[in-house]
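# Working through the structure, step by step
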Amino acid sequence: MRWLVPIILYILIETYAYQAIRTITKNQWVQIGYLVLSLLILSYVIYIFANYDRSVGPTKYTLRASALLLLTLVPKLIMILFLFGEDIIRVCVAGYNYLTNTFFEGTATQYFPDRRKFISQLALGVAAIPLGGLLHGIFRGKYNFKVIRHVLYYEDLPAAFDGFRITQISDIHSGSFDDAAKIEYAVDLINEQETDLLLFTGDIVNTVAEEMDDWIDTFKRIKTPKYGKYSVLGNHDYGEYVTWNSQEEKDANFEAIKEVHTKIDFNLLLNDSTFVEKDGERIAVIGVENWGHNFKKAGDLKKASEKVAKEDFKVLLSHDPSHWEYEVKKHSDHYHLTLSGHTHGFQFGIEIPGFVRWSPVQYVYKQWAGMYDEMGRYLNVNRGFGFHAFPGRVGIWPEITVIELRKGSNGKGT
């Protein structure tokens, strides 16, 4: 029964979009082929999601079904916008024809004008643009890794850390990977940065620890910088999006996920902190468990900061950027730099530096991608290393962030 409404909506969308095909071509074989293909895709999607196993969680089959659903729906929704706009005009014309026929005794018997072939062709042409974008995102965009660099100035940065460089990665989601060569390339790209410190901000898997089994050796190749590799957990690392046979099984998976961090030589911070020392000075690296406004709230900032003095320079790892918005940015202890991920930038959007920056996720998260600054406190929201739910990225590319800390203010060093 739960599938009835979505199926009816899909059929209505399909019926409406089909009008464009009928208008463009009268070839019955083309029309039949279009309907058969649409029916096959719908049947496949229904079959995959109707048989979704919550004890297993997302699989490559569900990713494929999600891709097919978007490839089918998005272009048709674009087409419908054009057809609906034309129908508004057709209704107005029909009303005019009816009135003139009634009051002026015209002879017209067909009030509604026919659909115009040009409009249907235009709708199909415009719909091809997002279709091409989705196809690019599925086959190339999801591994189109970008290194994004930031330079941040702080007056109270310890002098020894002037020029200190940090690499951040986030949201690996190893269960979604399907191209080992591309992941090897990304690891090489991380290593090429040769920074002082490497930080990972959560979601190493989609659901279960076993997703990393085939990738341990690959991620173990990430070089350990002079000042170490540290990590925190994300919302997906708690195994809460599947059904477990017992609490013991869920707990075992959680322990295995924490062990994965050790296997790839990361020091996992669970509401804890450590100090990075250089030339007799230090900065604090603080890691909280996941804290999200609409997600799991396991993070305990007070506990994580117990060893840290108020005057220490602080780098906070917190997976969900809503934590910064609701607890961190106005905290009296002044957390200088917070590193987050989680949003993936929705894996869909438009970013043209200096001109436009848009993604649907911005209507949910105030801080959703890139660097933010309020009262001299910075937040970087990494767009994510991997992908989830939709097996692609359109306009929002996978990110490796490099942040350089400088002593100074207003963009000037000291």
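Predicted model, so just to flag it, every value in this text is computed and none were measured. (Residues numbered from 1 in each chain as written. Predicted model: local features only at pLDDT ≥ 70, side-chain atom pairs only at ≥ 80, totals over all residues. Heavy atoms only, no water.)

## Comments concerning the sheet that holds strand E9 (residues 337-340)
A sheet is described by the order of its strands in space; here 6 strands give the open sequence E6-E7-E8-E9-E13-E12, paired in mixed fashion. The sheet is open, and its two edges are formed by strand E6 (272-278) and strand E12 (370-374), each paired on a single side. Pairwise comparison of adjacent strand axes, ignoring direction, gives a mean angle of 20° for this sheet. Relative to E9, strand E8 (residues 314-317) runs parallel, the two being bridged by 3 bridges. Counted as the bridge partner of leucine 317 is leucine 339 from E9. (Pairing = 2+ DSSP bridges. Helix = DSSP H or I, 4+ residues; strand = E, 2+ residues; numbered from the N terminus. Axes fitted to C-alpha atoms, helices over the stretch in contact; angles between N-to-C directions.)

## A closer look at the environment of valine 232
Within the secondary structure, valine 232 sits in strand E4 (residues 229-232). Sequence separation of valine 232 and serine 340 is 108 residues, and the distance between their C-alpha atoms is 9.9 Å.

## Regarding the nonpolar core
In this structure, Phe177, Ile204, Met212, Phe219 and Phe385 are the most contacted members of the largest nonpolar core, which totals 30 residues. Of all the secondary-structure elements, those providing two or more residues to this core are helix H5 (180-192), strand E3 (197-201), helix H6 (216-220) and helix H7 (247-263). The element best represented in this core is H5, accounting for 5 residues. Ignoring anything within four residues of it in the chain, the contact list for methionine 212 reads Ser174, Ile204, Val205, Phe219, Val260 and Ile264. (Core = buried A, V, L, I, M, F, W, Y, C linked by side-chain atoms within 4.5 Å. Buried < 20%, exposed > 50% of the residue type's maximum accessible area, 1.4 Å probe, protein only. Contact = heavy atoms within 4.5 Å.)

## Examining H5
Over its 13 residues, H5 runs 18 Å from end to end, which matches the ideal 18 Å to within 8%, given 1.5 Å per residue. Within H5, the full set of buried residues consists of Ile183, Ala186, Val187, Leu189, Ile190 and Asn191. If you follow the buried residues of H5, they end up packed against strand E1 (146-154), strand E2 (164-169), E3, H6 and strand E14 (399-409). Of the residues that open H5, the one with a side-chain oxygen 3.2 Å from the backbone nitrogen of alanine 181 is aspartate 179. Downstream of H5 by a residue or two, glutamate 194 has a phi angle that is positive, lying close to 45°. (Expected span 1.5 Å × (residues − 1). Polar contact = N/O pair within 3.5 Å; in protein donor to acceptor, adjacent residues only side chain to side chain.)

## Considering helix H4 (residues 117-139)
When the terminal C-alpha atoms of H4 are compared, their 33 Å separation across 23 residues agrees well with the 33 Å that a helix rising 1.5 Å per residue should span. Burial in H4 covers these residues: Ile119, Ser120, Ala123, Ala127, Leu134, Gly137 and Ile138.

## What to know about the packing of aromatic side chains
In this structure the tally under the stated criterion is 15 aromatic pairs. Ring centres of phenylalanine 177 and phenylalanine 219 lie 6.3 Å apart, and the angle between their planes is 15°; on these two criteria the pair is classed as stacked. Placement of phenylalanine 177 in the loop between E2 and H5 and of phenylalanine 219 in helix H6 is noted, with a sequence separation of 42 residues between them. With a relative accessible area of 0%, phenylalanine 219 lands in the buried category. (Phe/Tyr/Trp six-rings, centres within 6.5 Å; stacked < 30°, edge-to-face > 60°.)

## Some remarks on the pattern of salt bridges
Under the counting rule described, the total for this entry stands at 22 salt bridges. The residue lysine 258 makes a salt bridge to glutamate 255 at a minimum N-O spacing of 2.9 Å. Taken together, the positions of lysine 258 and glutamate 255, both in helix H7 and 3 residues apart, correspond to about one turn of that helix. With its nearest N and O atoms 3.7 Å apart, the salt bridge here joins arginine 406 to glutamate 404. Bridged by salt links that share partners, the residues Glu86, Asp87, Arg90, Arg115 and Arg116 form one connected network. (Salt bridge = Lys/Arg side-chain N within 4 Å of Asp/Glu carboxyl O.)

Note that all results are geometric; they support no functional claim without further evidence.
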